[in-house]
Amino acid sequence: MDSNGDGVGDLPGITARLEHLKDAGIGATWLSPIFLSPMVDFGYDITDYTAIQPEYGTMADFEALLAEAKRLGIKIILDFVPNHTSDQCDWFRRSVAREHPYTDYYVWQDGRVDPSASNGTRLPPNNWQSVFYGSAWTLHPERGQYYLHQFTAQQPDLNFRNPAVVEEMREVLRFWLRKGVAGFRIDAVNHLFEAEGFPDEPETGTDRDPLSYGFTHHIYTKDLLEDYDMVYQWRELLDDWTREHGGDSRIIMTEAYANITFTMRYFHEDDEVNETHPRAGSHMPFNFLLITDLNRDSTAQDFVFTVQKWLTYMPREGATANWVLGNHDQPRVGTRYGAERIDALHTLLLTLPGIAVTYYGEEIGMVDNPDAIGSGGDAVSGGGDAFIVFSRDPERTPFQWDDTPNAGFSSGPTTWLPVHPNYRELNLAAQRNAGRSHYKTYQALVALRAHETFRKGSIQLVPYSSSIIVYVRELQGSDTFVVVINLAGADRTVDVASVFPRLSSELTVASSGSRSNYRTGDIVQSERLVVGGYDGLVLRSMPLTSR
């Protein structure tokens, strides 16, 4: 929400709209970076970790946001970006000048002599690539050395092998803890450390472009053991803070696009490394499987396999599952899976065990706006065809509050990205007033999550057919729920009793999609349940002790 008409969302705007999160049943919200930045990469290029970006407001505005969130019972989580800073950061300027103690705050290398040149021309130190294409090294003319940047050239990587850098980051965490934040989402955490010696990475053999990120296996720039150790250190800092100052645990959420074995290490230290007291790590290593492993062509078997994959690999102790259906780097749910499946996918997300993560706008079924491409938002993707393919602007457009100009997001003439033209029909106000809507389905599912069966109960999933997912949530002495999701557009008849014989013959509808033939409170037969196309149903059975 934009509070001053400049077209950009800001902290006072968020504060003014926190009631919406409360109304939706949200208990915590994570803010993308709000720190001082030249905005090359949407604030993920930070100039000052303890200053607020002026277009977002002031520190007083942030403190007011915290106070209002506390009043509403909503926790505020900040985006912590430790891997790199902006090249406009004072630390980097001083490092370029070799000013003590900043000389080695970043990763500097001389580079290699070009064997084909006679004038001593130097080449990048190795074959490492940037995630955003091109060499991960840029020669700085003033310092006369190459600096590492695993993302854009304006985002130089910090040197976490320097204890002074580690302490700087610890002090950043302490600064915001003193302000009263509830925790941190740690960005690109598996990029923190690089292999000493800076060896070339092995080629994949599948991508022949040496400047493409897919050209090499990133065994020396990602997922190093030191990355996990740093997370364990930060968790210790947060736990110590909680013990000293009281209140709820301050949490860590970690972002790492990695294989599942590597991802699970973020929960805590390997039991085989420390059998008696393994060090705790991330409360929430983000589970991106619903994004990376599934799409609109996925079958019920694919969905069940993907959910079970996370639950199978997750540690039995000291871990809580989490499910991320969308975020600011991926096309929206309705775009990836089809708008017709939005309610069904929310039924899945909000009835699985653990923590559910919703990207803003998904609760009302917003979809990508292709008109946003090239409008000035995503600077990191460059231009041309690559920009069109990789631009993240379509999923980042303003929230659609109502059918007034700019969807009620801003009173100004324009917005930082164009509002989706469907806002006149698809907006929060319309969905709140409608008898049934994506938003009301979402609200009902969030409220249902408070039931002790969903908070503490077991889960058993079965692919009933290629298009029907069924699973039961059970807890001794409490209501049993069965969830049925139809991925297909046609009606399907399901014999739920044949899959879960202990269910009662009659089930009560606890939640249904916004276009479902069923309504809350309807009675259905477990042996012959007709599920409408793309519907997601939550059905209540009698407690186990009653059968």
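Cut-off values and rules
Residues numbered from 1 in each chain as written. Predicted model: local features only at pLDDT ≥ 70, side-chain atom pairs only at ≥ 80, totals over all residues. Heavy atoms only, no water. UniProt positions renumbered as here; feature names shortened; annotations may be inferred. Phe/Tyr/Trp six-rings, centres within 6.5 Å; stacked < 30°, edge-to-face > 60°. Helix = DSSP H or I, 4+ residues; strand = E, 2+ residues; numbered from the N terminus. Buried < 20%, exposed > 50% of the residue type's maximum accessible area, 1.4 Å probe, protein only. Lys NZ or Arg CZ within 6 Å of the ring centre and 35° of its normal. Pairing = 2+ DSSP bridges. Right-handed = clockwise from strand over helix to strand, strands pointing away. Axes fitted to C-alpha atoms, helices over the stretch in contact; angles between N-to-C directions. Polar contact = N/O pair within 3.5 Å; in protein donor to acceptor, adjacent residues only side chain to side chain. Core = buried A, V, L, I, M, F, W, Y, C linked by side-chain atoms within 4.5 Å. Salt bridge = Lys/Arg side-chain N within 4 Å of Asp/Glu carboxyl O. Domains from an automatic or database assignment. Contact = heavy atoms within 4.5 Å. Buried area = accessible area lost by both parts, 1.4 Å probe. pLDDT = per-residue confidence, 0-100. Parallel < 35°, antiparallel > 145°, perpendicular 65-115°, else oblique. Nonpolar A, V, L, I, M, F, W, Y, C, P; charged D, E, K, R; others polar.

In the annotation of an unreviewed UniProt entry, the protein chain is listed under the name alpha-glucosidase and assigned to Anopheles epiroticus. Per UniProt, the protein chain has the following entry under Sequence similarities (unreviewed entry): "Belongs to the glycosyl hydrolase 13 family."

Per the stated rule, a full pass over the model turns up 28 aromatic pairs. Ring centres of Phe 92 and Tyr 106 lie 5.0 Å apart, and the angle between their planes is 85°; this geometry places the pair in the edge-to-face category. Here Tyr 106 lies in the loop between helix 3 (90-96) and strand 5 (108-109) and Phe 92 lies in helix 3, a separation of 14 residues in the sequence. Classification of Phe 92 by relative accessible area gives buried; the value is 3%. Their ring planes at 80° and their centres at 4.9 Å tell us that Phe 175 and Trp 176 sit as a pair that is edge-to-face. Geometry around Trp 401 places Arg 17 over its ring, the cationic atom sitting 4.0 Å from the centre. Lying over the aromatic face of Phe 42, Arg 396 brings its terminal NZ or CZ to 4.1 Å of the ring centre.

The next subject is the pairing of strand 10 (residues 183-186). Burial along strand 10 is two-sided: the face carrying Gly 183 and Arg 185 and the face carrying Phe 184 and Ile 186 are both buried. With 4 bridges joining them, strand 4 (residues 75-80) and strand 10 adopt parallel strand pairing. What sits directly across from Leu 78, in strand 10, is Phe 184. Taken together, the 4 bridges between strand 10 and strand 11 (residues 251-254) define a ladder with parallel strand orientation. Bridging from a neighbouring strand, Phe 184 pairs with Ile 252 of strand 11. Taking the sense of rotation as the criterion, the β-α-β connection linking strand 10, helix 5 (residues 225-245) and strand 11 turns out right-handed.

The strands that make up a sheet pair up through hydrogen bonds in the backbone, lying either parallel or antiparallel. Here 6 strands make up an open sheet; going across it, the order is 15-16-17-22-19-20 and the pairing antiparallel. The strands lining the two open edges of the sheet, one partner per strand, are strand 15 (458-463) and strand 20 (523-525). Across the sheet, the mean angle from the axis of one strand to that of its neighbour is 30°, orientation sign disregarded. In this sheet, strand 20 lies alongside strand 19 (residues 506-511) in antiparallel orientation, the contact comprising 3 bridges.

Attention shifts here to the environment of Thr 103. Within the secondary structure, Thr 103 is located in the loop between helix 3 and strand 5. Sequence-wise, Thr 103 and Phe 92 are 11 residues apart; in three dimensions their C-alpha atoms are separated by 8.7 Å. Within the structure, the side chain of Thr 103 is placed 3.3 Å from the backbone oxygen of Arg 98, a separation counted as a polar contact.

Our focus in this paragraph is helix 10 (residues 342-351). Taken across its 10 residues, helix 10 has 10 buried, putting it largely inside the fold. Taken together, the buried positions of helix 10 are Ile 342, Asp 343, Ala 344, Leu 345, His 346, Thr 347, Leu 348, Leu 349, Leu 350 and Thr 351.

If you look at the biggest cluster of nonpolar residues, it comprises 61 residues, and the most contacted ones within it are Phe 62, Leu 78, Phe 160, Trp 176 and Trp 234. Counting residues per element, the ones that place at least two in this core are helix 1 (11-24), strand 3 (48-52), helix 2 (59-72), strand 4, helix 3, helix 4 (163-179), strand 10 and helix 5. If you tally residues by element for this core, the top one is helix 5, at 8 residues. Membership of the second largest hydrophobic core comes to 47 residues, among which are Leu 349, Ile 364, Met 366 and Ala 510.

So, on to the pattern of salt bridges. Where charged atoms from two side chains of opposite charge come close, those side chains can pair. The tally for this structure, following the rule as stated, stands at 29 salt bridges. We note a salt bridge from Glu 19 to Arg 71, for which the minimum N-O separation is 3.2 Å. Pair noted here: Glu 19 is in helix 1 and Arg 71 is in helix 2, with a separation of 52 residues, a long-range link. Residue classification places Glu 19 among the partly exposed residues on the basis of a relative accessible area of 42%. When its relative accessible area of 55% is taken as the criterion, Arg 71 is described as exposed. Glu 255 is the partner of Arg 185 in a salt bridge, and the nearest nitrogen-oxygen pair spans 3.2 Å. One end of the pair, Arg 185, is in strand 10; the other, Glu 255, is in the loop between strand 11 and helix 6 (260-264), and 70 residues separate them in sequence. The burial state of Arg 185 is the same as that of Glu 255; both residues are buried. Residues participating in the shared-partner salt-bridge network are Glu 167, Arg 170, Glu 171, Arg 174 and Arg 178.

This next bit is on the side chain of Glu 362. Position of Glu 362 among the secondary structure elements: in the loop between strand 14 (355-357) and helix 11 (384-390). For Glu 362, the side chain forms a polar contact with the main-chain nitrogen of Val 333, separated by 3.2 Å.

Moving on, we get to the domain arrangement of the protein chain. Domain boundaries assigned for the protein chain yield domain 1 (11-85 + 163-433), domain 2 (90-148) and domain 3 (457-541). Distance between the C-alpha centres of domain 1 and domain 2: 30 Å. On the domain 2 side, the residues contacting the 27 residues of domain 1 number 20 residues. Contact between domain 1 and domain 2 buries roughly 1900 Å² in total, counting both sides, with carbon and sulfur atoms accounting for 60%. Run the count over domain 1 and domain 2 and you get 1 salt bridge.

Turning our eyes to something else, we now look at the confidence of the model for the protein chain. A residue-level look at the protein chain finds 95% of positions with pLDDT of 70 or above and a mean pLDDT of 94. Across residues 381-389, confidence stays below pLDDT 50; counting only partners more than four residues off in sequence or on other chains, it has 11 contacts.

As a further point, take the packing of helix 1 against helix 2. The N-to-C vectors of helix 1 and helix 2 enclose an angle of 10°; their axes lie 9 Å apart at closest approach. Considered as vectors, helix 1 and helix 2 are oriented roughly parallel to each other. Seen from helix 1, the contacting residues are Leu 11, Pro 12, Ile 14, Thr 15, Leu 18, Glu 19 and Lys 22; seen from helix 2, they are Asp 61, Phe 62, Ala 64, Leu 65, Glu 68, Ala 69, Arg 71 and Leu 72. Here the contact of helix 1 with helix 2 is built from residues that sort into 9 nonpolar, 1 polar and 5 charged.

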